[in-house]
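Survey of secondary and tertiary structure
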Amino acid sequence: MADITEHQVLTALRKVEDPSQGKDLVTLDMVTGLHVKKSNVSFALQVPPHRGPAMEPVRRAAEAAVRAIPGVTSTTVMVTAHSSAATAETPPDTTVEKVIESRVRRFIAVASGKGGVGKSTTAANLAVALKLEGLRVGILDADVYGPSQPRMLGVSGRPASAGGDMVVPLENYGVKLMSMGLLVPDNTAMIWRGPMVQSALTQMLDNVAWGELDVIIVDLPPGTGDIQISLAQQVNLSGAVIVSTPQDIALLDVVKALTMFEKAEVPILGMIQNMAIWKCPDCGREDHIFGEGGVATEARRRGVEMLGEVPLSLSIRVGGDGGSPVVVTEPRSVQAKIFRTIARRLIDVAGLRLEAGR
Ligand SMILES: Nc1ncnc2c1ncn2[C@@H]1O[C@H](COP(=O)(O)OP(=O)(O)O)[C@@H](O)[C@H]1O
Ligand SMILES: [Mg+2]
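Residues numbered from 1 in each chain as written. Chains lettered and ligands numbered in written order. Predicted model: local features only at pLDDT ≥ 70, side-chain atom pairs only at ≥ 80, totals over all residues. Heavy atoms only, no water.

Some remarks on the overall build of the chain
Spelled out, the test is: Each helix is a run of DSSP H or I of at least 4 residues and each strand a run of E of at least 2, with the numbering of both proceeding from the N terminus. Accessible area is worked out with a 1.4 Å probe on protein chains only. A residue is then buried under 20% of its type maximum, exposed over 50%, and partly exposed in between. The contact definition used throughout considers only heavy atoms, calling two residues in contact when any of these lie within 4.5 Å. To measure how exposed things are, a 1.4 Å probe is used in the Shrake-Rupley method; for residues, cover is taken only from the protein chains shown.
In terms of helices and strands, the chain carries 14 helices and 14 strands. Relative to its 358 residues, the chain shows a buried fraction of 54%. Sequence-distant contacts, at least 24 apart, represent 74% of the contacts inside the chain between residues at least 6 apart. Approximately 15800 Å² of the chain is accessible, and the part contributed by carbon and sulfur atoms is 54%.

Following this line, the structure appears as structure tokens:
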């Protein structure tokens, strides 16, 4: 089937009205960031901030209209709040939306099938390890329901304004960070509804003055939900790294995550097995607490790179939960060396070194 065109999408959206203004979404100039990738369509509806929550029925209608186009397989519609939107005198400032992608060379997602497998821990250690390799690195904590990067990187406080709608990311260990955990009080994000989460993500991409970066590591929420899909459509991900523990159940979830990225045409850069091995600190014996080699088997079966195996370790847990990743606190430890090796492999697999020109 022929690819969907923007024209088809806009024609469908001309039939969807914003009832409060009595005009269709295209005439109202509300549709922004329209992105059509084969049969996947994503775009945002730009509205003034106070109208965000009330837009849900319109958002759903827009989504339904586009999904009804023959051949469309997935549709992601976000509501973004822009103070300048939807007023004829001040056209939306599209230059702001371009800033981020033009100055960040690569976005790499760290994903997992389920929560608690050590995805955020891995993302934090990898980000710092990539920094130690000389790259300019940021972390985008896209887990808006349970942001953990401020804690993992020992960052707190509010981001300063960078003028206009933009904020300055916070920084520690040379890694720039933006997270919902820095923008809203503890636990507020937990009660957010789908469309608000989507616009939060859009804002963390568009309204953060990241500056020049070689790579942004995106710490995704667990699973295969809307955030993953809309992120894949919004930022042209260079690839995803999948973290898993070796148990079968975790692997079933991993397969779902792999399939999701395949569908979104995001390359899988590699897999990381976490918490597989526990080494007795007294006798040195190694135990495979959650089973052995499960992730490597799946990686081989799919022809995906096995980036490394991270052991179950007290210093990884204490470091992560205490705001100082093990690559910083115990740089000579086995654990730190494993993360640094994984970072170097990732640089090779994703071609980061060449791009950074160093
Ligand atoms: N290799 C490891 N050894 C020991 N504890 C770990 C390891 N990896 C992660 N943890 C701990 O497991 C918990 C969950 O990890 P986290 O990175 O938050 O998982 P996720 O982001 O996948 O939900 C945290 O308390 C973290 O410190
Ligand atoms: Mg996490």
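Some details on the pattern of salt bridges
Spelled out, the test is: A side-chain nitrogen of Lys or Arg and a carboxyl oxygen of Asp or Glu constitute a salt bridge if their distance falls within 4 Å.
Within the structure shown, the criterion is met by twelve salt bridges. Its salt-bridge partner being Glu-298, residue Arg-302 comes within 2.9 Å of it at the nearest N-O pair. Placement of the pair is Arg-302 and Glu-298 together in helix H10 (residues 294–302), with a separation of four residues, close to one helical turn. Residue classification places Arg-302 among the partly exposed residues on the basis of a relative accessible area of 25%. With relative accessibility at 10%, the residue Glu-298 sits in the buried group.

Section: the nonpolar core
One broad trend across soluble globular proteins is that nonpolar side chains are buried collectively. Here is the rule we go by: In plain words, nonpolar cores are sets of buried Ala, Val, Leu, Ile, Met, Phe, Trp, Tyr and Cys residues tied together by side-chain atoms within 4.5 Å.
Counting 41 residues, the largest nonpolar core has Val-218, Leu-220, Leu-237, Ile-242 and Phe-261 as its most contacted members. Secondary-structure elements contributing two or more residues to this core are strand S6 (104–111), helix H7 (194–206), strand S10 (213–219), helix H8 (226–235), strand S11 (239–244), helix H9 (248–263), strand S12 (268–279) and H10. Looking at this core, the element that brings in the most residues is H9, giving six residues. Ignoring anything within four residues of it in the chain, the contact list for Leu-237 reads Phe-107, Ala-109, Leu-231, Ala-232, Phe-261, Val-266 and Pro-267. Formed by 40 residues, the second largest nonpolar core is a distinct cluster that contains Ala-129, Leu-177, Leu-182 and Ile-342.

Some thoughts on the site of ligand 1
As a reminder of what qualifies: Whether a residue is near a molecule or strand is decided by its heavy atoms; if any one of them lies within 4 Å of it, the residue is near. Counted as a polar contact is a pair of N or O atoms within 3.5 Å, where, for protein atoms, one must be capable of donating a hydrogen and the other of accepting one, and residues adjacent in sequence contribute only when both atoms are in side chains.
Around ligand 1, 17 residues are found, and the nearest of them are Gly-116, Lys-119, Ser-120, Thr-121 and Pro-311. Pro-311 has a polar backbone atom sitting 2.8 Å from a nitrogen atom of ligand 1. Taking Asp-321, its side chain carries an N or O atom lying 2.9 Å from an oxygen atom of ligand 1. Isolated, ligand 1 exposes 560 Å² of accessible area, and the fraction of that covered by the protein chains is 83%. Elements with a contribution of two residues or more to the shell around ligand 1: helix H4 (119–132), S12, strand S14 (306–312) and helix H11 (314–321).

A look at the pairing of strand S3 (residues 31–37)
The line we're drawing: Between any two strands, pairing holds if DSSP finds at least two bridges.
In this sheet, strand S4 (residues 40–47) lies alongside S3 in antiparallel orientation, the contact comprising five bridges. Along S4, the bridge assignment pairs Thr-32 with Ala-44. Adjacent in sequence and paired antiparallel, S3 and S4 are bridged by two residues, among which Lys-38 carries a positive phi angle near 55°.

As for the environment of Asp-3
Relative to the helices and strands, Asp-3 is located in the segment before helix H1 (6–13). Between the C-alpha atoms of Asp-3 and Asn-40, which are 37 residues apart in sequence, the distance is 9.2 Å. Setting aside residues up to four positions removed in sequence, Asp-3 forms contacts with Gln-8 and Lys-38.

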